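Analysis of the macromolecular model
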Amino acid sequence: MAVAPAALQGPVALTPVDGVTMAAAVVMMLGALATVYWHRMRLVSLTMLSVVGLVVSLAFARFAAPDLALTQISVEVVTIVLLMLALFFLPARTPRESSALRRGRDMLVAGGCGLLVGALAFGMLTRPYDSISDFFLANSVTGGGGHNVVNVILVDFRGFDTMGEVTVLAIAAIAIYALIDGLRLRVPGGDSLGKPWAQRGDLLMLVNLSHVLLPLALMISVYIFLRGHNLPGGGFIAGLITSVALILQYVASGEAWTSERWPVNYHWLAGAGVLIAGATGLGSWAFGYPFLTSAFDHFHIPLVGDIELATAMLFDLGVYLTVVGATLLILANLGKLPRAAQAKERSDGAALRRGPGRADQLRYLSDAACTHLSCGRRAGVAELCGEPVFVCHRPSGGGRTRGAGQGRGLCRPAAPGAGADRHCDRFCHDRLRAGAGAARPG
């Protein structure tokens, strides 16, 4: 007996599609395709990816999910800033590594997976199904003391999940800090077109605007935090808004200026958030209730009036502090990497200019260890501070070449001009690891 195949579409009617929604969907699809097409141009690809995230947040708002829309747009801003900081140290373009056959295979696999997932989602959403959402809608006020069902679920009904999430977020931030602390990366000298970066990156309009927006953003963050139990908001969204406001200060005024005026230890801030969230759950034990059981009541406060207070707000405060601490712990320390790399280069140059007695710290490597390096006249490979460097001694004006072990101070080539004539010797070096290629002058 043959069984007829079931239809993909179920009995549930489809939601009508208006022109604005269709246009947004087309923009999102074009953004995704552009991200793949220009994936070798990292900045362009990242810009197209941000377009996709923005349209997703608008879709959440369109389908009556303001909490998700606020969270998505805040996470999108933080993520784009994080990727921009990381891409600064990478080449602007990536080489073509895959053959046409391999790209065609990947396209077929990705397209097949996308069609399969889309068909499954379409089939499920057009069929009737039982949901537990009715339970949360019925017990949000009586069981959690809040009208915002989403936030009540996060801080009350599923408090264990949220507790685990903020703990993982804090651990991840500390792990990233441990990986990048002390990391020394080469700072690119210019953009993809070879134009050097501006020595002073302060933009007057951006700096002044960021200073004005900071108190306004913090006020909005407090407002979003306080209303989160009954209206769209909460500790997570408020923490992201605060993080974005402070990140804007780092971007506009620089890491040194912001750290001087905002001397906050983000390790302690993230740790305090996790401890406050955990202490909220321990407090319920003192009254004989299960861990993370919330309590709420209405109080009359002079000059304010009747207000509802819930212990879940303390838990939300822990979430807020953890999000701010973890986010800025990652981004602020990523922003320090260019300055740390420049300081390392200046210290290396200072070590070569400290006069007599410093040349004996150059320990030459064996000939066998550097046969793969191209060496010019009177050149060699030495090791300075434990790192192989390519050195080349040459006279500046026809004089005789001095060796590294003759006790004379070694210095970098001076800039063209009168000062260059005072240098009898030129010491051209490149902080080049063995096998990286030929050295660059200076």
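Please read these numbers as outputs of a predicted model, since none were measured by experiment. (Residues numbered from 1 in each chain as written. Predicted model: local features only at pLDDT ≥ 70, side-chain atom pairs only at ≥ 80, totals over all residues. Heavy atoms only, no water.)

Let us now look at empty space enclosed by the protein. Scanning all chains against the criterion turns up 2 cavities of 30 Å³ or more. One number sums up the size of the second largest cavity: a volume of about 50 Å³. Lining the second largest cavity, in full, are Val-155, Thr-280, Gly-281, Leu-292, Thr-293, Ser-294, Thr-311, Ala-312 and Phe-315. Counting only elements with at least two residues in the lining of the second largest cavity, the list comes to α11 (266-286) and α12 (312-351). Looking at the lining of the second largest cavity residue by residue, the classes come out as 4 nonpolar, 5 polar and no charged. (1 Å grid on protein atoms, 1.4 Å probe; cavity = no way out; pocket = protein on both sides within 12 Å on 5 of 7 lines; lining within 4 Å. Points joined across faces, edges and corners; volume = space filled by probe spheres on them. Helix = DSSP H or I, 4+ residues; strand = E, 2+ residues; numbered from the N terminus. Nonpolar A, V, L, I, M, F, W, Y, C, P; charged D, E, K, R; others polar.)

In this structure, Met-163, Tyr-266, Phe-315, Tyr-320 and Leu-328 are the most contacted members of the largest nonpolar core, which totals 39 residues. Where this core is concerned, the elements lending two or more residues are α7 (159-180), α8 (204-227), α9 (235-253), α11 and α12. Tallying contributions element by element places α12 first for this core, with 15 residues. (Core = buried A, V, L, I, M, F, W, Y, C linked by side-chain atoms within 4.5 Å. Buried < 20%, exposed > 50% of the residue type's maximum accessible area, 1.4 Å probe, protein only.)

Take α7 next. Taking 1.5 Å of rise per residue, 22 residues should cover 32 Å, and α7 covers 32 Å from first to last C-alpha, within 8% of that figure. Inspection of α7 places Gly-159, Thr-162, Met-163, Val-166, Ala-170, Ala-173 and Ile-180 among the buried residues, and these make up the whole buried set. Down the axis, α7 shows its buried residues gathered within 145° of arc, on one side only. In α7, the exposed positions that point more than 90 degrees away from the buried face belong to Phe-160, Val-168, Ile-171, Ala-178 and Leu-179. (Expected span 1.5 Å × (residues − 1). Arc of directions from axis to C-beta.)

In this section: the pairing of strand β1 (residues 296-301). Here β1 pairs with strand β2 (residues 305-310) via 6 bridges, running antiparallel. Looking at the pairing, His-298 lines up with Glu-308 of β2. Counted along the chain from β1 to the antiparallel partner β2, the turn is 3 residues long, and its residue Leu-303 has a positive phi close to 70°. (Pairing = 2+ DSSP bridges.)

A few words on the pattern of salt bridges. Under the counting rule described, the total for this entry stands at 4 salt bridges. Put simply, Asp-18 and Arg-62 hold a salt bridge, and the shortest N to O gap is 2.8 Å. Highlighted residues: Asp-18 in the segment before α1 (19-37) and Arg-62 in helix α2 (residues 42-62), separated in sequence by 44 residues. Judged by its relative accessible area of 28%, Asp-18 falls in the partly exposed class. With its nearest N and O atoms 3.7 Å apart, the salt bridge here joins Glu-260 to Arg-261. (Salt bridge = Lys/Arg side-chain N within 4 Å of Asp/Glu carboxyl O.)

Together, Val-17, Met-22, Val-26, Met-29, Leu-30 and Leu-33 line one region of the surface with nonpolar side chains, adding up to about 590 Å² of accessible area. Tracing the chain through its elements places Met-29 in helix α1. (Patch = residues over 30% accessible without salt bridge, like charges linked within 9 Å, V, L, I, M, F, W, Y side chains within 5 Å. Areas by Shrake-Rupley, 256 points an atom, 1.4 Å probe, with all protein chains shown as cover.)

Right, let's talk about the side chain of Thr-162 for a bit. Position of Thr-162 relative to the elements: it lies in helix α7. A distance of 2.5 Å separates the side chain of Thr-162 from the backbone oxygen of Leu-154, its partner in a polar contact. With sequence-adjacent residues up to four places away left out, Thr-162 is seen in contact with Leu-154, Phe-315 and Val-319. (Polar contact = N/O pair within 3.5 Å; in protein donor to acceptor, adjacent residues only side chain to side chain. Contact = heavy atoms within 4.5 Å.)

Orientation of α8 relative to α9, taken along the N-to-C sense of each, is 170°, at an axis distance of 9 Å. Taken together, the axes of α8 and α9 lie roughly antiparallel to each other. Of α9, the residues touching α8 (which contributes Leu-206, Val-207, Ser-210, His-211, Leu-213, Leu-214, Ala-217, Leu-218, Ser-221, Ile-224 and Phe-225) are Gly-235, Ile-237, Ala-238, Ile-241, Thr-242, Ala-245, Leu-246, Leu-248, Gln-249, Ala-252 and Ser-253. Of the residues in the contact of α8 with α9, the class split is 15 nonpolar, 7 polar and no charged. (Axes fitted to C-alpha atoms, helices over the stretch in contact; angles between N-to-C directions. Parallel < 35°, antiparallel > 145°, perpendicular 65-115°, else oblique.)

In this section: the packing of aromatic side chains. A full pass over the atoms with the stated rule returns 7 aromatic pairs. Judged by centre distance (5.5 Å) and plane angle (75°), the ring pair of Tyr-37 and Trp-38 falls under edge-to-face. According to the relative accessible area criterion, Tyr-37 is exposed, its value standing at 63%. With relative accessibility at 36%, the residue Trp-38 sits in the partly exposed group. (Phe/Tyr/Trp six-rings, centres within 6.5 Å; stacked < 30°, edge-to-face > 60°.)

With that settled, the discussion passes to the environment of Arg-96. The residue Arg-96 is located in the loop between α3 (66-87) and α4 (100-125) in this model. Looking at Arg-96, the relative accessible area reads 57%, which means it is exposed. Taking C-alpha positions, Arg-96 is 7.7 Å from Arg-40, a pair spaced 56 residues apart along the chain. Leave out the neighbours within four places in its chain, and Arg-96 touches Arg-40 and Arg-103.

This next bit is on unusual backbone geometry. Phi at Ala-64 takes a positive value of approximately 60°, unusual for a residue other than glycine. Considering the arrangement of structural elements, one finds Ala-64 in the loop between α2 and α3.

Right, let's get into the confidence of the model for the protein chain. Regions with low pLDDT should not have their predicted coordinates read in detail. The predicted model of the protein chain has a mean per-residue pLDDT of 76, with 72% of residues at 70 or higher. Long-range and interchain partners of residues 352-442, a stretch whose pLDDT sits below 50, account for 141 contacts in this model, where long-range means more than four residues apart. (pLDDT = per-residue confidence, 0-100.)

Further remarks concern α1. For α1, spanning 19 residues, the distance from its first C-alpha to its last is 27 Å, which sits close to the expected 27 Å at 1.5 Å a residue. Within α1 the residues assigned to the buried category are Gly-31, Ala-34 and Thr-35. Viewed end-on, α1 has its buried residues packed into an arc of 100°, placing them on one side of the element. Exposed and oriented more than 90 degrees from the buried face of α1 are Gly-19, Leu-30, Leu-33, Val-36 and Tyr-37. For α1, the elements touching its buried residues are α2. Its side-chain oxygen placed 3.2 Å from the backbone nitrogen of Val-20, Asp-18 serves as the N-cap of α1.

As for its placement among the helices and strands, Asp-316 is situated in helix α12. Assessed through its relative accessible area of 6%, Asp-316 is described here as buried. The spacing of Asp-316 and Leu-154 is 162 residues in sequence and 9.1 Å in space, taken between C-alpha atoms.

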